[in-house]
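Understanding the architecture of this molecule
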Amino acid sequence: MIFDNDVTNQLGVEIPVLSAPMGWVARPELVAAVSAAGAMGLVPGSLPVEQVRDDIRRVRDLTDKPIGVNIPIAFAKDPAIVDMIVGEGIGFVTTSAGSPGRFTSILKDAGLTVYHVVPTLGTALKAVDAGVDGLVVEGSEGAGFKSPHEVSSMVLLPLITSRVDVPVVAAGGIVDGASLLAAFALGAQGAQMGTRMLASRESAVHTHVKEAVLSASETDTMMLNRSSGRPMRVLRTATATALDEDPEATAGPLLSRILETYEHGDLEASLAQLGQAAGRIDEVLAAAEIIRRTTSEFEQILAGLAARHATGRPVA
Ligand SMILES: Cc1cc2nc3c(=O)[nH]c(=O)nc-3n(C[C@H](O)[C@H](O)[C@H](O)COP(=O)(O)O)c2cc1C
């Protein structure tokens, strides 16, 4: 399968798939495996600046293919991250969880390609006004921090792609060729995979977390902090349910113990970020195999649809 579109051209990759920038999960081995497979590995910028720089260098030791970095604006307290990213010669950045006005012009003036993560049409239009090169459009079925306005990808993607001229990468629910092709049908030119890559062989999370993904059904995640603070989609556990039911409790203390879950495998110690697509994942695969299967399924399903429907005969 050969992809040749705005996303592959802007990012300089063969396959328009991004691995999500997941703090403590997307360690250099996963980022490098994704980039080496011809897609775009993203280094999470949510860690301290020196750690992010070391991670970039470690990924570069493992592959010479293009890599990107995510700046989660609300969590990246140290603005030195921008100079560091520019200094390390990174060509592609996604910004998320904050105003696109904050870093876009600085990054673009330094020659980088910038995509901003958006959960609504209004935020998409603002990001385009701020001068971004592309958007990551994230539906509410996806993992992690979310907008209080929950809109799923089936509505969000065609809405936004019909109103903006910049390329769109879909995020939320994409795990295979069928979901990638669906995103393309809705106007996207690429996809970002979070939950699927969290359950990859190279992902740094403890086996218990990967096993939780394999055994999860589509109803085994929940949106926390719906009405207060910053909503987030996580694995449905006793801890998450108790937090949801206690109007006084906040997620902060639990989130500060995230390594007990991701590194040590205690699913009740903290809140594991997972998307609804966990219900569609039943195998831990190497990142390169996820990308290979995704592109070959995409091609097969597309050919099957064309053979069935693009015949001039009535649709059966
Ligand atoms: C463990 C984890 C951590 C994440 N951290 C970030 C982050 O720091 N910045 C960001 O933009 N997105 C983050 N995300 C969201 C992903 O980038 C992605 O958009 C989302 O997982 C897509 O939905 P999916 O899980 O259905 O693939 C995270 C997701 C997971 C699973």
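The text that follows walks through the structure, step by step, so that each part is easy to find. (Residues numbered from 1 in each chain as written. Predicted model: local features only at pLDDT ≥ 70, side-chain atom pairs only at ≥ 80, totals over all residues. Heavy atoms only, no water.)

What follows is about the packing of helix α2 (residues 28-36) against helix α3 (residues 49-62). Packing of α2 against α3 leaves a shortest axis separation of 9 Å and a crossing angle of 45 degrees. When the interaxial angle is binned, α2 and α3 end up oblique. Crossing handedness for the pair α2 and α3: right-handed. Contact residues: α2 offers Pro 28, Glu 29, Val 31 and Ala 32, while α3 offers Asp 55, Arg 58, Val 59 and Leu 62. (Axes fitted to C-alpha atoms, helices over the stretch in contact; angles between N-to-C directions. Helix = DSSP H or I, 4+ residues; strand = E, 2+ residues; numbered from the N terminus. Parallel < 35°, antiparallel > 145°, perpendicular 65-115°, else oblique. Left-handed = near helix turned anticlockwise from the far one by under 90°. Contact = heavy atoms within 4.5 Å.)

Turning to the packing of α3 against helix α4 (residues 80-87), a few remarks are in order. Between α3 and α4, whose axes approach to 10 Å, the crossing angle comes to 15 degrees. Classified by the angle between their axes, α3 and α4 sit roughly parallel to one another. Handedness of the crossing formed by α3 with α4: right-handed. Counting all contacts with α3, which are made through Val 49, Val 52, Arg 53 and Ile 56, the residues of α4 involved are Ala 80, Ile 81 and Met 84. Taken together, the residues of the contact of α3 with α4 sort by class into six nonpolar, no polar and one charged. (Nonpolar A, V, L, I, M, F, W, Y, C, P; charged D, E, K, R; others polar.)

To continue, consider the sheet that holds strand β10 (residues 221-224). Sheet architecture is open: three strands sit in the order β7-β11-β10, paired in antiparallel fashion. In the strand order of this sheet, the two ends are held by β7 (144-145) and β10, each with one partner. Inspection of the sheet shows β7 paired to strand β11 (residues 232-235) by two bridges, in the antiparallel sense. Looking at the pairing, Phe 145 lines up with Met 232 of β11. The sheet contacts of helix α11 (residues 238-245) involve β10 and β11, and relative to β10 the element is tilted by about 35 degrees. (Pairing = 2+ DSSP bridges.)

Taken together, 19 residues are adjacent to the ligand, and Glu 138, Gly 173, Gln 192, Gly 194 and Thr 195 come closest. Within the contact set of the ligand, an oxygen atom lies 2.9 Å away from a side-chain nitrogen or oxygen of Gln 192. Between Gly 194 and the ligand, the recorded distance is 2.8 Å, taken from a backbone N or O atom to an oxygen atom. Here the ligand, which alone exposes 600 Å², has 92% of that area covered by the protein. Listed by contribution, the elements that provide at least two residues to the shell around the ligand are β9 (190-193) and α9 (195-198). (Near = heavy atom within 4 Å. Polar contact = N/O pair within 3.5 Å; in protein donor to acceptor, adjacent residues only side chain to side chain. Areas by Shrake-Rupley, 256 points an atom, 1.4 Å probe, with all protein chains shown as cover.)

Note that Arg 233 resides in strand β11. We classify Arg 233 as buried; its relative accessible area is 5%. Each C-alpha atom, one on Arg 233 and one on Leu 274, is 6.2 Å from the other, the two residues being 41 residues apart in sequence. A distance of 3.1 Å separates a polar atom in the side chain of Arg 233 from a polar atom in the side chain of Thr 221. (Buried < 20%, exposed > 50% of the residue type's maximum accessible area, 1.4 Å probe, protein only.)

By definition, the strands of a sheet pair up through backbone hydrogen bonds, in either a parallel or an antiparallel sense. As summarised here, the arrangement of the eight strands in space is β1-β2-β3-β4-β5-β6-β8-β9, forming a closed barrel in which the pairing is parallel. For this sheet, the mean inter-axis angle between neighbouring strands, taken without regard to orientation, is 25 degrees. Here strand β8 (residues 168-171) runs beside β9; their pairing, made up of three bridges, is parallel. Residue pairing for β9: Val 169 is matched across the bridge by Gly 190.

Turning our eyes to something else, we now look at the environment of Ser 105. Of note, Ser 105 is situated in helix α5 (residues 104-109). Along the primary structure Ser 105 and Ala 130 are separated by 25 residues, whereas in three dimensions their C-alpha atoms are 7.7 Å apart.

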